[in-house]
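Single-letter residue listing:
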2 protein chains.
Amino acid sequence: MYTFGIDVGGTTVKCGLFTLEGEALDKWEIPTRTEENGGHILPDIAEAILKKCTEKEIAKEQIQGVGLAVPGPVLENGDVSCAVNLHWDYKEVSKELRGMTGFPVRVGNDANVAALGEMWLGGGRGASSMVMVTLGTGVGGGIVLRGRILSGVHGAAAEIGHMCVEPSETEYCNCGKRGCLEQMASATGVVRLARQELARYEGKTVLDAETLTAKAIFDAYKEQDPVAAAAVRRMAHYLGIALANVACVADPDIFVIGGGVSKAGQPLIDAVLAVYREYAFPVCRNIPIVLAELGNDAGIYGAARMVMD
Amino acid sequence: MYTFGIDVGGTTVKCGLFTLEGEALDKWEIPTRTEENGGHILPDIAEAILKKCTEKEIAKEQIQGVGLAVPGPVLENGDVSCAVNLHWDYKEVSKELRGMTGFPVRVGNDANVAALGEMWLGGGRGASSMVMVTLGTGVGGGIVLRGRILSGVHGAAAEIGHMCVEPSETEYCNCGKRGCLEQMASATGVVRLARQELARYEGKTVLDAETLTAKAIFDAYKEQDPVAAAAVRRMAHYLGIALANVACVADPDIFVIGGGVSKAGQPLIDAVLAVYREYAFPVCRNIPIVLAELGNDAGIYGAARMVMD
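What you see is a predicted model; the values in this text were computed from it and never measured.

A few words now on the overall build of chain A. Within chain A, the regular secondary structure consists of 10 helices and 10 strands. The C-alpha atoms of chain A give a radius of gyration of 20 Å, which matches the 19 Å a tight globule of 309 residues would have. In terms of its C-alpha atoms, chain A occupies a principal-axis envelope of roughly 65 × 45 × 35 Å. The long-range fraction of contacts in chain A, counting pairs at least 24 apart against all pairs at least 6 apart in sequence, stands at 60%. On chain A, roughly 12,600 Å² of surface is accessible, and the fraction owed to carbon and sulfur atoms is 48%. Within chain A, the 38 negative side-chain charges are centred at a point lying 2 Å from the centre of the 28 positive side-chain charges.

Given below as structure tokens:
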């Protein structure tokens, strides 16, 4: 038996054909055609899937199903409320794609599905309950409890980036609130913090406000640059407390940190762990915080895993 | 068919006999005998149950099972890791009580079980996912997701009282950390805040540091006493932000507030709601926050409900 894992992004659709053991037989991409309200996206995916079956000489009966990761809130029945990057309004995604392919279809929010992928074959292998935090342009989250994705009643479970970590913050987050974790721990967040540190620091630093990036900050952090150290310390403070608070709610086996900023690697993890352990509830103090391992493939793996339950 | 719902406290064991529709046929109490490492507690409960069956002329086959709420962390298999108030070390509670009665037994942590009770027949009626916060001597929590209690991997899910809401706090919480919600929103917490306000306030107030209680503070709050207003404002600030952050993780249908402090009633709820709405993620902003309705009976109702799945 085989499954398809499909991760629908705003510019490309990542596709994978997997065995039930997680071996990737093939991985490929097709463009995301968002014109005409994204009306081509599902037909394009259906065509790609059916073509792949023919190419690999796989009979329809050998396909257990298709898992789909979508950038938007997903309801229990596989409908998607909206997905702005795909130009979708409300769409019966599961039903439509099932109609086009004849295969069972499971749909999940992309951040949650990536968490499932990391738990299956990545940084969270062996866990039954896991919280993943993705530090990218924004801060995303995915929660898997007892093997099942937690979507939440309004599709807002695991919106860890929008936990308030600084009630006195005066600048606004994209969500309209102030003091969100995303304002501190995303790529743009850590740049924002470093800019603030630069403005009040008068000594030597390799950082330059004009060319500031998250990568430059973490590179400088490894070289013990004082401004980078101050910015990363603040970022780790907020992220560590946020994870300690998530543990008080969900109490998982493990935290997995992914996204572009996580390329900062173990020095970032160490900084976050130090704060986490100080603020975590005693029995949660030793929950590991580890790096994600599947990179951009987490979505297709998680999507494939979804259809196995 | 009938179920027994048993809520084991440090001084009394509350017992209830229920129909599957939640009608209470009988409610009574027996003392909790904690001597000899609490070794009498389960035999006493077994005896009370079997005697009640005889008294009510209910055949063993008509009992669907016994639900037990215990003040301590409960593992998936019904074992209890420890329960200091009952003088229990590790105990195979489910297995032992099943052996003594012949009935199926389900065991849950008392805060979680109370949440299940409130969801079945109390403030959270009709919800499928609910977060309950109990404001008593401490701050407890219970989370039910898609109808199932969330215990957490280390029995620490829903330890909402130990979320850090004030990283700069210098006094210590009973848990050994600083800045916990429990230090702000429990009965002792709001007294602590009011004491701080009293110390720096020089105008007129009906509050007196010597005789300060949570009840006195909320009574004064309703009379617009300035010190009480400042203390309740701070308490509501911390509780509102904590609930907004819980919503970013668990995204429930409803929040239910119980415990002794919740007798302050709607004025407390209103103060918390105002803060909650300011800090909640947009799609979670209208999640209702309501008062618990079952009082001290939430535990026996929830325990009875546990055995129905």
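Time to look at the domain arrangement of chain A. Residues and elements named next belong to chain A. Partitioning chain A into structural domains gives domain 1 (2-117 + 297-306) and domain 2 (126-293). Computed from C-alpha atoms alone, the centre-to-centre distance between domain 1 and domain 2 is 29 Å. Taken together, the contact between domain 1 and domain 2 spans 10 residues of the former and 13 residues of the latter. Across the domain 1/domain 2 interface, buried area totals approximately 810 Å², and carbon plus sulfur atoms make up 62% of it. Of all residues in domain 1, N112, A115 and L116 bury the most surface against domain 2, accounting for 56% of the area lost on that side. Summed over the shared surface of domain 1 and domain 2, the number is one salt bridge. Measuring nitrogen to oxygen at the nearest pair gives 3.7 Å for the salt bridge that ties E76 to R148.

All names here are of chain A. Ordered by their spatial adjacency, five strands build an open sheet running 8-7-6-9-10, and the pairing between neighbours is mixed. At either margin of the open sheet sits one strand with a lone partner, and together these are strand 8 (148-149) and strand 10 (289-291). Note that strand 9 (residues 254-258) and strand 10 share three bridges and pair parallel. Each residue of the ladder has a partner; that of V256, found in strand 10, is V290. Seen against the sheet, helix 9 (residues 266-279) touches strand 6 (130-135), strand 9 and strand 10 and runs at an angle of roughly 165 degrees to strand 10.

A few words on the packing of aromatic side chains. All names here are of chain A. Under the counting rule described, the total for this entry stands at nine aromatic pairs over all chains. Here the aromatic rings of F18 and Y301 are separated by 4.8 Å at their centres, their planes lie at 50 degrees, and the arrangement is tilted. Taken together, the residues F18 in strand 2 (residues 12-19) and Y301 in helix 10 (residues 298-306) connect sequence positions 283 residues apart. Pair check on accessibility: F18 and Y301 agree, each one buried.

This brings us to the interface of chain B and chain A. Counting residues at the interface gives 45 residues for chain B, matched by 45 residues for chain A. Between chain B and chain A, a total of about 3,500 Å² is buried, with carbon and sulfur atoms accounting for 60% of that surface. Connecting chain B to chain A are two salt bridges. Among the ionic pairs, B:E278 bridges to A:R178, the shortest N-O distance being 3.8 Å. Summed over the shared surface of chain B and chain A, the result is 22 residue pairs in polar contact (both at pLDDT 80 or more).

Our focus in this paragraph is the pattern of salt bridges. Residue and element names in this part refer to chain A. Tallied over the entire structure, the rule returns 30 salt bridges over all chains. Close ionic contact of K56 with D26 constitutes a salt bridge, the shortest N to O distance being 3.9 Å. Linking K56 in the loop between helix 2 (41-55) and strand 4 (63-70) with D26 in strand 3 (residues 24-31), this pair joins segments that are 30 residues apart in sequence. Among the salt bridges present, the one from R125 reaches E293, with a minimum N-O distance of 2.9 Å. With R125 in the loop between helix 4 (110-121) and strand 6 and E293 in the loop between strand 10 and helix 10, this pair connects stretches of sequence that are 168 residues apart. One salt-bridge network, held together by shared partners, links D26, K52, E55 and K56.

Note on the identical chains: chain B maps onto chain A by a rotation of 180 degrees and an axial translation of 0.0 Å, with an RMSD of 0.0 Å. Accordingly, the operation relating the two chain copies is best matched by a two-fold axis. Of the interface residues in chain B, 100% have counterparts in chain A that sit at the interface too, so the contact is made through matching surfaces.

Moving on, we come to the pairing of strand 3 of chain A. Residue and element names in this part refer to chain A. Across seven bridges, strand 2 lies against strand 3 in antiparallel orientation. Bridging from a neighbouring strand, V13 pairs with I30 of strand 3. Counted along the chain from strand 2 to the antiparallel partner strand 3, the turn is four residues long, and its residue G22 has a positive phi close to 95 degrees.

All names here are of chain B. Summed over the entire model, instances satisfying the criterion amount to zero disulfides over all chains. Left without a disulfide partner, C180 is nearest to the cysteine sulfur of C175, which lies 3.7 Å away. Look at C180 and you get buried, because its relative accessible area is 0%. C248 provides the cysteine sulfur closest to C284, a residue in no disulfide bond, and the two sulfurs are 6.3 Å apart. The class for C284 is buried, based on a relative accessible area of 0%.

Reading the values: the criteria
- The residue count restarts for each chain, going from 1 along the sequence in the order it is written.
- Chains carry letters from A onward and ligands carry numbers from 1 onward, assigned in written order.
- A pLDDT threshold of at least 70 governs which residues receive local features in this predicted model, and a stricter bar of 80 or more applies before side-chain atom pairs are shown or counted, although totals over entire chains, interfaces and linings include all residues.
- To obtain the side-chain values, all non-hydrogen atoms of the structure were used and water was disregarded.
- The helix count covers DSSP runs of H or I at least four residues long, the strand count covers runs of E at least two residues long, and both are numbered beginning at the N terminus.
- Here the radius of gyration uses the C-alpha set of atoms, whereas the globule reference equals 2.2 Å times the residue count to the power 0.38.
- The contact definition used throughout considers only heavy atoms, calling two residues in contact when any of these lie within 4.5 Å.
- Computed with the Shrake-Rupley method and a 1.4 Å probe, the accessible areas treat only the protein chains shown as cover for residues.
- This count recognises Lys and Arg as positive and Asp and Glu as negative, with His and chain-terminal groups excluded.
- For this purpose, a charge sits on NZ of Lys, CZ of Arg, CG of Asp or CD of Glu.
- By convention here, the domain bounds are inherited from an automatic or database domain assignment.
- What counts as buried area is the accessible surface, traced by a 1.4 Å probe, that two parts surrender upon association, with contributions from both included.
- In what follows, salt bridge is the name for a side-chain nitrogen of Lys or Arg lying within 4 Å of a carboxyl oxygen of Asp or Glu.
- When DSSP finds at least two bridges between two strands, those strands are taken to pair.
- Orientation is described by axes fitted as lines to C-alpha atoms, over the contacting stretch for helices, and by angles from 0 to 180 degrees between their N-to-C directions.
- In this scheme Phe, Tyr and Trp rings, the latter by its six-membered ring, pair at centre separations within 6.5 Å, and the angle between planes marks the pair as stacked below 30 degrees, edge-to-face above 60, and tilted otherwise.
- Residue burial is assigned from relative accessible area. The probe radius is 1.4 Å, only protein chains are included, and a residue is buried under 20% of its type maximum, exposed over 50%, and partly exposed in between.
- Identification of polar contacts relies on pairs of N or O atoms within 3.5 Å, with a donor-acceptor requirement for protein atoms, meaning one able to donate a hydrogen and the other able to accept it, and with residues adjacent in sequence counted only if both atoms are side-chain atoms.
- Residues below a pLDDT of 70 in either copy are left out; the C-alpha atoms of the rest, at least 70 in both, set the least-squares superposition of the copies.
- Put simply, a disulfide is two cysteine sulfurs that come within 2.5 Å.

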